[in-house]
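Structure assessment
Here's the letter readout for the chains.
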Amino acid sequence: MTTLNIRHRTTYRYNGAVSLNPHHLMLRPRESRELRLRSMRLNIAPPAIVTWAHDVAGNVVATAAFQTLTTSLVIESLAEVELDAAAWPIFSIAASAISYPFLYSADEWTDLGALALPQHPDPAGRLGAWSRAFVRSEPTDTLALLKDINAGVLAWVSYQGREDEGTQSPTRTLERGWGSCRDMAVLFAEAVRTLGFGARIVSGYLHNPAEAFLGSSGAGSTHAWAEVYVPGAGWITFDPTNRSVGGANLIPVAVGRDIRQVMPVSGGFVGMTDAFNAMSVEVSVRPSAA
């Protein structure tokens, strides 16, 4: 078990006084059998009225409402978590799903819903063909197939961090041959969906103490990856940016059908058209001193 301190600070600066719209914050680590949240605190300037709720995916969302004009906005999250994920996990896949193709049960298919359907247009069928190339035979081992696609993303796409907002479409990522961690997560999730798997996007943090993983400029950073639902094993974590399986170095915060649904901070402002000046994000993920 590892105890980690996470600091996530987002700063916006404006060229003049602006009125801030409500901001939605997805910053609270998502607790599970592998992760326990020991404490969390939000520091926001200017002061805000903060309310909490769970969204349709079970994520904890804070809404910050502001009542004053300001020339800057600082949102800082401080969290302490206990991470107890196995470095080499073993998955108890149901006998009915050990080999691909398999059928989800009627209840599973209903509950997975849109998570099992591609979310991006692929009129030429390029992504489907790329995914199908990993199916070496029918039947084939389900977990081996998913691992091959996970590794295949990084074999096809080189990692390149991007400061601009948004995500490339999966076909665009394949065409370019490069992408950020969020581009790779979306590509992987969409690829397995074309094969009939239920998948979701995860946003959170990467703990990278040896600075050996891609997607981090230091010992820790924000990160994006994916999970695939396999009967018996449940949601299995795949990080295509680092060809890894399991959550040993990952701290999930939010899950969703689309990357747009799991952004850490979202909101707007009312002001002059040239009011926005700059945005900066600082993240650290470090072992607790205690």
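Just so you know, these numbers come straight off a predicted model, no measurement behind them.

With that out of the way, let us pick up the overall build of the protein chain. Across its full length, the protein chain carries five helices and 18 strands. Taking 19 Å as the expected radius of gyration for a compact globule of 290 residues, we find that the protein chain reaches 20 Å, a close match to that expectation. Projected onto its principal axes, the C-alpha coordinates of the protein chain cover approximately 60 × 45 × 40 Å. Taking all 290 residues of the protein chain together, 48% fall into the buried category. In the protein chain, of all internal contacts separated by at least 6 residues, the share reaching a separation of at least 24 is 73%. Carbon and sulfur atoms make up 52% of the accessible area of the protein chain, which totals about 14,000 Å².

As a further point, take the packing of aromatic side chains. By convention here, two paired aromatic rings are described through the distance between centres and the angle between planes. On inspection of all chains with the given rule, the structure shows 11 aromatic pairs. An angle of 20 degrees between the planes, with centres 5.3 Å apart, marks the rings of Y100 and F197 as stacked. Taken together, the positions of Y100 in strand β7 (residues 99–100) and F197 in the loop between α5 (181–193) and β11 (198–207) put the pair 97 residues apart, joining distant regions of the chain. Assessed through its relative accessible area of 5%, Y100 is described here as buried. Measuring from ring centre to ring centre gives 5.3 Å for F102 and Y104, while their planes differ by 85 degrees; the resulting arrangement is edge-to-face. For the pair shown, F102 and Y104 are each scored as buried. One aromatic cluster is present, formed by Y100, F102, Y104, W109, F197, Y229 and W235 through successive ring pairs.

Every α-helix winds through 3.6 residues per turn, so residues three or four apart in the chain are directed the same way. Taking 1.5 Å per residue, 13 residues should reach 18 Å; α5 reaches 18 Å between its end C-alpha atoms and fits that length. The buried count for α5 comes to 13 of 13 residues, which makes it a mostly enclosed element.

The topology assignment puts R13 in strand β1 (residues 2–20). For R13, a relative accessible area of 47% puts it in the partly exposed group. Along the sequence, R13 and E282 sit 269 residues apart, while their C-alpha atoms lie 14 Å from each other. In contact with R13, other than residues within four places in its own chain, are T71, S72, A275, F276, N277 and A278.

Another aspect to go through is the sheet that holds strand β16 (residues 265–266). Read from one edge of the open sheet, four strands run β4-β5-β2-β16, paired in antiparallel fashion. Whereas interior strands pair on both sides, the edge strands pair on one side only; in this sheet they are β4 (48–54) and β16. Bridge count between strand β2 (residues 23–25) and β16: two bridges; the pairing is antiparallel. In the strand pairing of β16, H24 is matched with S266.

Attention now moves to the layout of surface pockets. The space that makes up the second largest pocket amounts to roughly 530 Å³. Taken together, 26 residues form the lining of the second largest pocket, with R33, E34, E227, W235 and T237 sitting closest to its centre. Going through the elements one at a time, β12 (220–230), β13 (234–239) and β15 (250–256) are the ones with two or more residues in the lining of the second largest pocket. Residue composition of the lining of the second largest pocket, by class: 14 nonpolar, six polar and six charged.

It is worth spelling out a nonpolar patch on the surface at this point. A cluster of nonpolar side chains, contributed by F276, M279 and V281, occupies part of the molecular surface with about 260 Å² of accessible area. Mapping M279 onto the fold places it in strand β18 (residues 276–287). Taking relative accessible area as the criterion, M279 reaches 38% and is therefore assigned partly exposed.

Relative to the elements of secondary structure, E108 occurs in helix α1 (residues 106–112). This buried residue, E108, is left without a salt bridge; R200 holds the nearest opposite charge, at 13 Å. There is a polar contact of 2.9 Å between the side chain of E108 and the backbone nitrogen of S105. In this structure the side chain of E108 is engaged in a polar contact, spanning 3.1 Å, whose partner is the side chain of Y229. If we ignore the near neighbours within four places in the chain, the residues touching E108 are Y229 and P231.

About the thresholds
Residues numbered from 1 in each chain as written. Predicted model: local features only at pLDDT ≥ 70, side-chain atom pairs only at ≥ 80, totals over all residues. Heavy atoms only, no water. Helix = DSSP H or I, 4+ residues; strand = E, 2+ residues; numbered from the N terminus. Rg over C-alpha atoms; globule rule 2.2 N^0.38 Å. Buried < 20%, exposed > 50% of the residue type's maximum accessible area, 1.4 Å probe, protein only. Contact = heavy atoms within 4.5 Å. Areas by Shrake-Rupley, 256 points an atom, 1.4 Å probe, with all protein chains shown as cover. Phe/Tyr/Trp six-rings, centres within 6.5 Å; stacked < 30°, edge-to-face > 60°. Expected span 1.5 Å × (residues − 1). Pairing = 2+ DSSP bridges. 1 Å grid on protein atoms, 1.4 Å probe; cavity = no way out; pocket = protein on both sides within 12 Å on 5 of 7 lines; lining within 4 Å. Points joined across faces, edges and corners; volume = space filled by probe spheres on them. Nonpolar A, V, L, I, M, F, W, Y, C, P; charged D, E, K, R; others polar. Patch = residues over 30% accessible without salt bridge, like charges linked within 9 Å, V, L, I, M, F, W, Y side chains within 5 Å. Salt bridge = Lys/Arg side-chain N within 4 Å of Asp/Glu carboxyl O. Lys, Arg positive; Asp, Glu negative; His and termini not counted. Polar contact = N/O pair within 3.5 Å; in protein donor to acceptor, adjacent residues only side chain to side chain.

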